[in-house]
Amino acid sequence: MSCPRCDAPTVAFAIPDDLRDQLPDDRPGAALCTRCLSVTPLDDPPTASPDFARVSDAFPVNDEAAVALACLLALLDSLVLYRAEIDAVAAYAETRGTDVLRTLERLAADDGVEPFLDLDRRARQLEQLI
Ligand SMILES: [Zn+2]
């Protein structure tokens with residue numbers, strides 16, 4: 001599918017139960033836009049491992065951490081509203097070896113993406129939160 005926000009290609013992925021519990025949408029998957037990084041819930045995600053390198057080299061190599069990062073991007077736009085959920089999803093990624101703040105900073109610095117949200121600002125807010 002293409003991104004409903006900007007029409008760029010997306011990377012579809014399945015969301016593990018532990019992460020789905022933290023998301024406002026309870027659908028089993030989502031699609032991350034390769035350009036604007038917006039996340040769209042999906043009813044029928046693929047079973048194959050998602051290739052987040054198509055989005056940015058900043059994404060963690062570990063699949064579970066990468067999926068958590070993508071879920072985090074879905075929540076970051078509503079940082080205040082989803083404070084507890086963001087904390088849980090960030091912890092999930094950190095326990096899988098990912099430095100969440102550094103990854104967000106690298107994403108923000110990647111010229112290959114045009115994030116729909118201000119990633120630098122969100123990263124700074126997140127830093128105070130977690
Ligand atoms: Zn997009």
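Above this text sits the structure in question.
Residues numbered from 1 in each chain as written. Predicted model: local features only at pLDDT ≥ 70, side-chain atom pairs only at ≥ 80, totals over all residues. Heavy atoms only, no water.

Caption draft 1: Examining the coordination of the zinc ion more closely. Of the protein atoms, only Cys 3 (SG), Cys 6 (SG), Cys 33 (SG) and Cys 36 (SG) coordinate the zinc ion, at distances of 2.3 Å. Taken together, the four donor atoms surrounding the zinc ion define angles of 100 to 116 degrees at the centre, an arrangement classified as tetrahedral. Taken in sequence order, the residues that donate to the zinc ion follow the motif C-x2-C-x26-C-x2-C. Of this pair, Cys 3 sits in the segment before β1 (10-14) while Cys 33 sits in strand β2 (residues 29-33), and the two are 30 residues apart along the sequence. Classification of Cys 33 as buried rests on a relative accessible area of 0%. (Donors = N, O, S within 2.8 Å, 3.2 Å for Na, K, Ca; no water. Tetrahedral: all angles 85-135°; square planar, octahedral: opposite > 155°, others 65-115°. Helix = DSSP H or I, 4+ residues; strand = E, 2+ residues; numbered from the N terminus. Buried < 20%, exposed > 50% of the residue type's maximum accessible area, 1.4 Å probe, protein only.)

Caption draft 2: Broad picture of the environment of Thr 34. Position of Thr 34 relative to the elements: it lies in the loop between β2 and β3 (39-42). For Thr 34, a relative accessible area of 13% puts it in the buried group. Separated by 80 residues in sequence, Thr 34 and Glu 114 have C-alpha atoms that sit 8.9 Å apart. Those residues in contact with Thr 34 that sit more than four places away from it in its chain are Ala 8, Pro 9, Thr 10, Val 11, Arg 54, Val 55, Gly 112 and Val 113. (Contact = heavy atoms within 4.5 Å.)

Caption draft 3: Structural view of the packing of helix α2 (residues 63-76) against helix α3 (residues 83-95). In the contact formed by α2 and α3, the axes pass within 8 Å of each other and the chain directions differ by 160 degrees. Compared by their axis directions, α2 and α3 come out roughly antiparallel. Both α2 and α3 take part in a crossing whose hand is left-handed. Contacts between α2 and α3 involve Glu 64, Ala 65, Ala 68, Leu 69, Cys 71, Leu 72, Leu 75 and Leu 76 on the former and, on the latter, Glu 85, Ile 86, Val 89, Ala 90, Tyr 92 and Ala 93. Considering only residue class, the contact of α2 with α3 consists of twelve nonpolar, no polar and two charged. (Axes fitted to C-alpha atoms, helices over the stretch in contact; angles between N-to-C directions. Parallel < 35°, antiparallel > 145°, perpendicular 65-115°, else oblique. Left-handed = near helix turned anticlockwise from the far one by under 90°. Nonpolar A, V, L, I, M, F, W, Y, C, P; charged D, E, K, R; others polar.)

Caption draft 4: Quick look at the sheet that holds β2. Here we have three strands laid out as an open sheet, ordered β1-β2-β3, and antiparallel in their pairing. Two strands bound the open sheet, and with one partner strand each, they are β1 and β3. Shown here is a sheet whose adjacent strand axes are inclined to one another by a mean of 25 degrees, direction ignored. For β2 and β3, the ladder comprises four bridges, and the chain directions are antiparallel. Within β3, the position partnered with Leu 32 by the bridge is Val 39. Each of β1, β2 and β3 touches α2; the most contacted strand, β1, lies at about 110 degrees to it. (Pairing = 2+ DSSP bridges.)

Caption draft 5: Inspection of unusual backbone geometry at higher detail. A positive phi angle, near 75 degrees, is found at Asp 7, a position not held by glycine. Secondary-structure assignment places Asp 7 in the segment before β1. Look at Asp 7 and you get exposed, because its relative accessible area is 58%.

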